[in-house]
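The primary structure of each chain is shown beneath.
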Amino acid sequence: MARVGLTTEGLIRAGAETADEIGFERTTPTELARRFGVRTASLYSHVRNAHDLKTGIALLALEELADRASEAVAGRAGKDALTAFANVYRDYAREHPGRFAATQFPLDPQAAASSAGVRHARMSRAILRGYHLAEPHQTHAVRLLGSVFSGYVNLEAAGGFSHSAPDSQESWTEILDALDVLLRTWPTTS
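For the structure given in this document, a descriptive report is provided here. Note that this is a predicted model, so its numbers are computed, not measured. (Residues numbered from 1 in each chain as written. Predicted model: local features only at pLDDT ≥ 70, side-chain atom pairs only at ≥ 80, totals over all residues. Heavy atoms only, no water.)

### Description of the packing of aromatic side chains
Step number 1: For the structure shown, the criterion picks out seven aromatic pairs.
Step number 2: Ring geometry for Phe-24 versus Phe-105: centroids 5.6 Å apart, planes at 75°, classification edge-to-face. Taken together, the positions of Phe-24 in the loop between helix H1 (8-22) and helix H2 (29-36) and Phe-105 in the loop between helix H5 (97-102) and helix H6 (109-113) put the pair 81 residues apart, joining distant regions of the chain. The pair formed by Phe-24 and Phe-105 is uniform in burial state, with each residue classed as buried.
Step number 3: Here Phe-149 and Trp-172 contribute two aromatic rings whose centre-to-centre distance is 6.2 Å and whose plane-to-plane angle is 55°, an arrangement assigned as tilted. (Phe/Tyr/Trp six-rings, centres within 6.5 Å; stacked < 30°, edge-to-face > 60°. Helix = DSSP H or I, 4+ residues; strand = E, 2+ residues; numbered from the N terminus. Buried < 20%, exposed > 50% of the residue type's maximum accessible area, 1.4 Å probe, protein only.)

### Re H2
Step number 1: Every buried residue belonging to H2 is among Pro-29, Glu-31, Leu-32 and Ala-33, and all of these are buried.
Step number 2: In the core, the buried residues of H2 are packed alongside H1 and helix H3 (50-73).
Step number 3: Of the residues trailing H2, Gly-37 is marked for its positive phi of about 70°. (Contact = heavy atoms within 4.5 Å.)

### Side note on the environment of Arg-39
Step number 1: By the element assignment, Arg-39 lies in the loop between H2 and H3.
Step number 2: Its relative accessible area of 71% is what places Arg-39 among the exposed residues.
Step number 3: Sequence spacing of Arg-39 and Pro-29 is 10 residues, and the spatial spacing of their C-alpha atoms is 9.5 Å.

### Some remarks on the pattern of salt bridges
Step number 1: Tallied over the full model, the rule gives 17 salt bridges.
Step number 2: Measuring nitrogen to oxygen at the nearest pair gives 3.6 Å for the salt bridge that ties Arg-13 to Glu-64. With Arg-13 in helix H1 and Glu-64 in helix H3, this residue pair connects regions lying 51 residues apart in the sequence.
Step number 3: For Arg-13, a relative accessible area of 38% gives the class partly exposed.
Step number 4: For Glu-63, the salt bridge is made with Arg-119, and the minimal N-O distance between the two is 3.0 Å. (Salt bridge = Lys/Arg side-chain N within 4 Å of Asp/Glu carboxyl O.)

Structure (structure tokens):
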């Protein structure tokens, strides 16, 4: 029987908060049980195992991030949309480091197809329409943006830019300017 007060949604939200505090990798059903003051077995009527918990946190984080990105890029195009989109990712990673790590958790194909990850890809492609990229170049550009955004925020979070000048904000701004130029002049011949 499920313990009164514990719900799947509540556990996933608590897991997301825990991930932000101690790291996504260290967030487990055992850790949540300790925080709730219950036995780990009490959680298994809500989450099957650690993988199920991590999948739930990933889905929540993807949804939160997609909602923020959608709001930020609404009514924008070109470099303005690109910058707004990129800043949402960076800000979310800074505010919610564990949840941002969760957005990179490998989902099974069915979960991925029904997740907000699809919205992220659509938003990326919508931004790239302003740069007039046709396939397969658009797919390459989506992958480039994801790599730059994730790579930069992960390096920044690890302190990779904290020991040299200029500061990371100046580099971030210049990188976004460079991405805009690259996208406007993307080589389309093979």
